[in-house]
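Listed below, chain by chain, are the residues.
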2 protein chains.
Amino acid sequence: MTSFYSEKHKFLLAVDCIIFGFHEGELNVLLLHRSFEPEKGKLSLPGGFLKENESLNDAAIRVLNELTGLENLYMEQVHTFGDVHRDSGERVVSVAYYALININDYDTSLLGKYNAIWVKSTDMPNLVFDHSEMVQSARHALCQRAAIEPVGFNLLPEKFTLPQFQTLYEAIYGEVLDKRNFRKKVLSMNVLEKLNEKDKLSSKRGAFLIGLMKKSIKS
Amino acid sequence: MTSFYSEKHKFLLAVDCIIFGFHEGELNVLLLHRSFEPEKGKLSLPGGFLKENESLNDAAIRVLNELTGLENLYMEQVHTFGDVHRDSGERVVSVAYYALININDYDTSLLGKYNAIWVKSTDMPNLVFDHSEMVQSARHALCQRAAIEPVGFNLLPEKFTLPQFQTLYEAIYGEVLDKRNFRKKVLSMNVLEKLNEKDKLSSKRGAFLIGLMKKSIKS
DNA sequence: GCAAAAGTGTTGCCATTACACCCATGA
DNA sequence: TCATGGGTGTAATGGCAACACTTTTGC
């Protein structure tokens with residue numbers, strides 16, 4: 001007996017990843033030069049096809065790991081793109097995920113291996129298919145998320161400075177923030193701890209490093 | 001020559017719809033008694049499989065139309081569920097959409113036809129697979145959306161009263177709102193127009209009907 | 001006349017914004 | 001000594017929340 005499911009069509013399913021890094025005061029996105037037809041040579045998001053015994057999230061994790069060598073990345077599903085002709089090769093439905101990585105952890109030798117480049121998000125070229133739209137959606141989702149919880153940490157090293165942190169949020173929101181107000185708000189959240197070290201890389205005076213606070217005991 | 005895509009696995013793709021209606025001061029969701037194995041007889045969301053030449057959105061539109069007889073419904077994609085064993089029958093990846101309908105437009109004869117029921121969202125039974133989680137996600141997405149733009153209209157008739165409108169938002173947010181503050185905010189948005197009719201169904205005094213304002217000319 | 005829902009303003013508070021100067025240091 | 005980026009406080013504003021009584025009318 002044939003099951004109810006048997007007559008239905010099946011589809012190629014992909015995940016495409018918007019990998020954000022933070023570098024020189026700008027949000028950057030990792031892009032690939034597409035290595036196969038159609039659209040070979042053009043820029044695209046890193047992605048991969050879902051495998052038979054793999055969950056969607058696992059597929060995203062796999063793709064992210066392949067491309068960055070990193071594990072346990074912060075990631076979030078963004079949206080699923082299912083237009084009939086979105087992929088000019090064959091019908092593919094694609095689930096977009098974004099991920100946040102500390103760009104210092106990224107092994108730049110991978111750039112050559114995958115023919116990849118980091119591109120400033122303020123300066124995105126045209127991408128294949130609907131990938132530009134995916135990036136837009138991901139930026140939007142990141143904005144929303146960042147306004148709710150402090151996901152920004154994932155884009156920075158373990159220790160960082162308040163000016164760095166502010167620049168990051170300015171990059172995420174795409175607007176300049178008031179220094180005093182920003183510091184006030186961030187510090188009032190009681191999740192950051194001022195360390196007794198200074199980072200003197202970006203100024204002569206040096207800025208105090210801060211880090212995630214060790215969770216305090218519930219009162 | 002085989003294309004790059006040809007070796008990849010293909011998957012069943014479904015859309016599942018959380019159809020919200022507003023009735024007697026409560027958000028309701030349309031559920032089906034599942035008519036086929038597995039889990040036959042249990043409650044599930046209405047859904048359907050994606051067809052070969054159909055976009056995801058079109059599939060959602062089709063399912064919504066089948067089940068409600070209505071067109072041009074307000075709907076939004078929520079999330080895609082892709083765990084390997086989420087469907088106990090076969091591997092199915094499912095994209096959840098929610099829709100808002102004016103429950104008065106709903107032809108109740110369809111309840112019998114599809115073995116469907118309206119269930120209060122405050123009183124949801126267990127659903128098959130991960131459908132309960134889908135409802136949760138949809139409620140969350142609706143909450144977020146409603147806070148940004150006035151999507152609530154879609155759950156009400158063309159004309160409605162402010163007390164009705166308030167009850168609706170109380171149902172969406174799941175909390176009681178202050179009458180004066182609510183009216184103040186809603187009216188200050190300049191999108192509602194007070195009509196010269198009263199609805200006397202819910203009180204002796206009657207409440208003025210309001211409706212969407214005809215767009216004013218840009219100044 | 002009374003029960004039941006509709007309608008109506010004011011006040012205080014808190015969160016957000018705007019804003020300008022001194023500090024520390026390396027070159 | 002000067003150029004560069006780091007660090008700090010206060011005052012004004014506006015949005016949001018809290019709050020109680022009068023009105024209408026069907027029964």
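Counting starts from 1 at the beginning of each chain's written sequence and moves along it residue by residue. Just so you know, chain letters begin at A and ligand numbers begin at 1, following the order they were written in. Residue-level local features of this predicted model are given only where pLDDT is at least 70; pairs of side-chain atoms are given and counted only at 80 or more, and the full residue set underlies all totals for whole chains, interfaces and linings. To obtain the side-chain values, all non-hydrogen atoms of the structure were included, while hydrogens and water were left out.

Colleague: Can you break down the packing of aromatic side chains residue by residue, with the values?
Modeller: Pairing of aromatic side chains here covers Phe, Tyr and the six-membered ring of Trp, requires ring centres within 6.5 Å, and sorts the geometry by plane angle: under 30 degrees stacked, over 60 edge-to-face, intermediate tilted. What the rule picks out here adds up to 20 aromatic pairs over all chains. Between Tyr 169 of chain A and Tyr 173 of chain A the ring centres are 5.8 Å apart and the planes differ by 50°, which places this aromatic pair in the tilted class. With Tyr 169 of chain A and Tyr 173 of chain A both in helix 4 (residues 162–173) and 4 residues apart, the pair spans about one turn of that helix. An angle of 85° between the planes, with centres 5.4 Å apart, marks the rings of Tyr 106 of chain B and Trp 118 of chain B as edge-to-face. In this pair, Tyr 106 of chain B is assigned in the loop between strand 6 (92–100) and helix 2 (109–114) and Trp 118 of chain B in strand 7 (residues 116–120), connecting sequence segments 12 residues apart. Among the aromatic residues, those joined into a cluster by ring pairs are Phe 153, Phe 160, Phe 165, Tyr 169, Tyr 173 and Phe 182 of chain A. Starting at the N terminus, helices and strands are each numbered in turn, a helix being any DSSP run of H or I of at least four residues and a strand any DSSP run of E of at least two.

Colleague: Run through the protein's contact with DNA strand D, naming residues and quoting values.
Modeller: Nearness is defined per residue: one heavy atom within 4 Å of the molecule or strand is enough. Close contacts around DNA strand D come from 19 residues, with Lys 179, Arg 183, Lys 184 and Arg 205 of chain A together with Arg 205 of chain B the closest. Of everything in DNA strand D that lies within 4 Å of the protein, sugar and phosphate atoms constitute 38%. Any pair of N or O atoms that falls within 3.5 Å is considered a polar contact. Within protein, one atom must be able to donate a hydrogen and the other to accept it, and sequence-neighbouring residues count only if both atoms are side-chain atoms. Lys 179 of chain A is positioned with one of its side-chain polar atoms (N or O) 2.7 Å from a base oxygen of DNA strand D. In this structure, a base nitrogen belonging to DNA strand D sits 2.9 Å away from a side-chain N or O atom of Asn 181 of chain B. Mapped by element, the contributors of at least two residues to the surface near DNA strand D are helix 5 (179–188) and strand 10 (207–212) of chain A together with helix 5 (179–188) of chain B. It is helix 5 of chain A that contributes the most residues to the surface near DNA strand D, 4 residues altogether. Only Asp, Glu, Lys and Arg are considered charged in this grouping, and only Ala, Val, Leu, Ile, Met, Phe, Trp, Tyr, Cys and Pro are considered nonpolar; every other residue, Gly among them, is considered polar. Here the residues of the surface near DNA strand D are counted per class, giving 3 nonpolar, 4 polar and 12 charged.

Colleague: An account of the protein's contact with DNA strand C is requested, with residue identities and associated values reported.
Modeller: Neighbouring residues of DNA strand C: 19 residues in total, closest Arg 205 of chain A together with Lys 179, Arg 180, Arg 183 and Arg 205 of chain B. Protein-adjacent atoms of DNA strand C, using a 4 Å cutoff, are sugar or phosphate at a proportion of 40%. Arg 180 of chain A is positioned such that a nitrogen or oxygen atom in its side chain is 3.2 Å from a base nitrogen of DNA strand C. Between a phosphate oxygen of DNA strand C and a main-chain N or O atom of Phe 208 of chain B, the distance comes to 2.9 Å.

Colleague: Lay out helix 1 (residues 56–68) of chain B with the relevant residues and their values.
Modeller: Residue and element names in this part refer to chain B. Between its first and last C-alpha, helix 1 extends 18 Å over 13 residues, near the 18 Å set by a 1.5 Å rise per residue. When accessible area is computed with a 1.4 Å probe and restricted to protein chains, residues below 20% of their type maximum are described as buried, those above 50% as exposed, and intermediate ones as partly exposed. Taken residue by residue, helix 1 has Leu 56, Ala 59, Ala 60, Arg 62, Val 63, Leu 64, Leu 67 and Thr 68 as its buried positions. Phi for Gly 69, located one or two positions after helix 1, is positive at around 75°. To estimate how far a helix should reach, multiply one less than its number of residues by 1.5 Å.

Colleague: With reference to specific residues and values, describe the interface of chain B and chain A.
Modeller: Opposite the 36 residues of chain B that make contact, chain A presents 36 residues. By buried area we mean the combined loss of accessible area, with a 1.4 Å probe, across both parts when two parts are placed together. Carbon and sulfur atoms supply 64% of the area that chain B and chain A bury against each other, a total of about 3,100 Å² over both sides. Any Lys or Arg side-chain nitrogen found within 4 Å of a carboxyl oxygen on Asp or Glu counts as a salt bridge. Where Glu 90 of chain B meets Lys 10 of chain A, a salt bridge forms, and the shortest distance between an N and an O atom there is 3.3 Å. Counting the contacts that link chain B with chain A gives 16 residue pairs in polar contact (both at pLDDT 80 or more). Two residues form a contact once any of their heavy atoms are found within 4.5 Å.

Colleague: Describe in detail unusual backbone geometry, supporting the description with residues and values.
Modeller: The phi dihedral of Asn 115 of chain A is positive, around 55°, even though this residue is not glycine. Checked against the element boundaries, Asn 115 of chain A lands in the loop between helix 2 (109–114) and strand 7 (116–120). With phi around 55°, Asn 72 of chain B is a residue other than glycine that occupies positive phi space. Secondary-structure assignment places Asn 72 of chain B in the loop between helix 1 and strand 5 (74–81).

Colleague: Pulling in residues and values, what's your account of the environment of Lys 40 of chain A?
Modeller: All names here are of chain A. If you trace the backbone, Lys 40 turns up in the loop between strand 2 (26–33) and strand 3 (43–44). A relative accessible area of 51% means that Lys 40 is categorised as exposed. A C-alpha to C-alpha distance of 9.4 Å links Lys 40 and Val 128, two positions 88 residues apart in sequence. Setting aside residues up to four positions removed in sequence, Lys 40 forms contacts with Arg 34 and Ser 35.

Colleague: Lay out the pattern of salt bridges in plain terms, naming residues and giving numbers.
Modeller: The full count for this structure, using the stated rule, is 20 salt bridges over all chains. Note that Arg 145 of chain A is salt-bridged to Glu 149 of chain A, the shortest N-O span being 2.9 Å. Between Arg 86 of chain B and Asp 130 of chain B there is a salt bridge, with its nearest N and O atoms 2.7 Å apart. Placement of the pair is Arg 86 of chain B in the loop between strand 5 and strand 6 and Asp 130 of chain B in the loop between strand 7 and helix 3 (131–148), with a sequence separation of 44 residues.

Colleague: Would you mind going over the nonpolar core in detail, with residue names and values included?
Modeller: Only buried residues count toward a nonpolar core, which is a set of Ala, Val, Leu, Ile, Met, Phe, Trp, Tyr and Cys residues joined through side-chain atoms within 4.5 Å. Counting 52 residues, the largest nonpolar core has Leu 13 and Ile 19 of chain A together with Leu 13 and Ile 19 of chain B as its most contacted members. The residues touching Leu 13 of chain B, leaving out its near neighbours within four places in the chain, are Phe 11, Leu 13 and Val 93 of chain A together with Gly 48, Phe 49, Leu 50, Val 93 and Val 95 of chain B. Within the second largest apolar cluster, 37 residues are counted, among which are Ile 18, Val 119, Ala 171 and Val 186 of chain A.

Colleague: Help me get a handle on helix 3 of chain B, residues and values and all.
Modeller: Residue and element names in this part refer to chain B. With 18 residues, helix 3 extends 26 Å from end C-alpha to end C-alpha; this agrees with the ideal 26 Å at 1.5 Å per step. For helix 3, every residue scored as buried is listed here: His 131, Met 134, Val 135, Ala 138, Ala 141, Leu 142 and Ala 146. In a view along the axis of helix 3, the buried residues occupy a sector of 130°, so they form one face of it. Counted as exposed and oriented over 90 degrees from the buried face of helix 3: Gln 136, Ala 147 and Ile 148. Residues of helix 3 that are buried make contact with strand 1 (10–23), strand 2 (26–33), strand 3 (43–44), strand 5, strand 6 and helix 4 (162–173). The arc in question is the one traced by the directions running from the helix axis out to the C-beta atoms.

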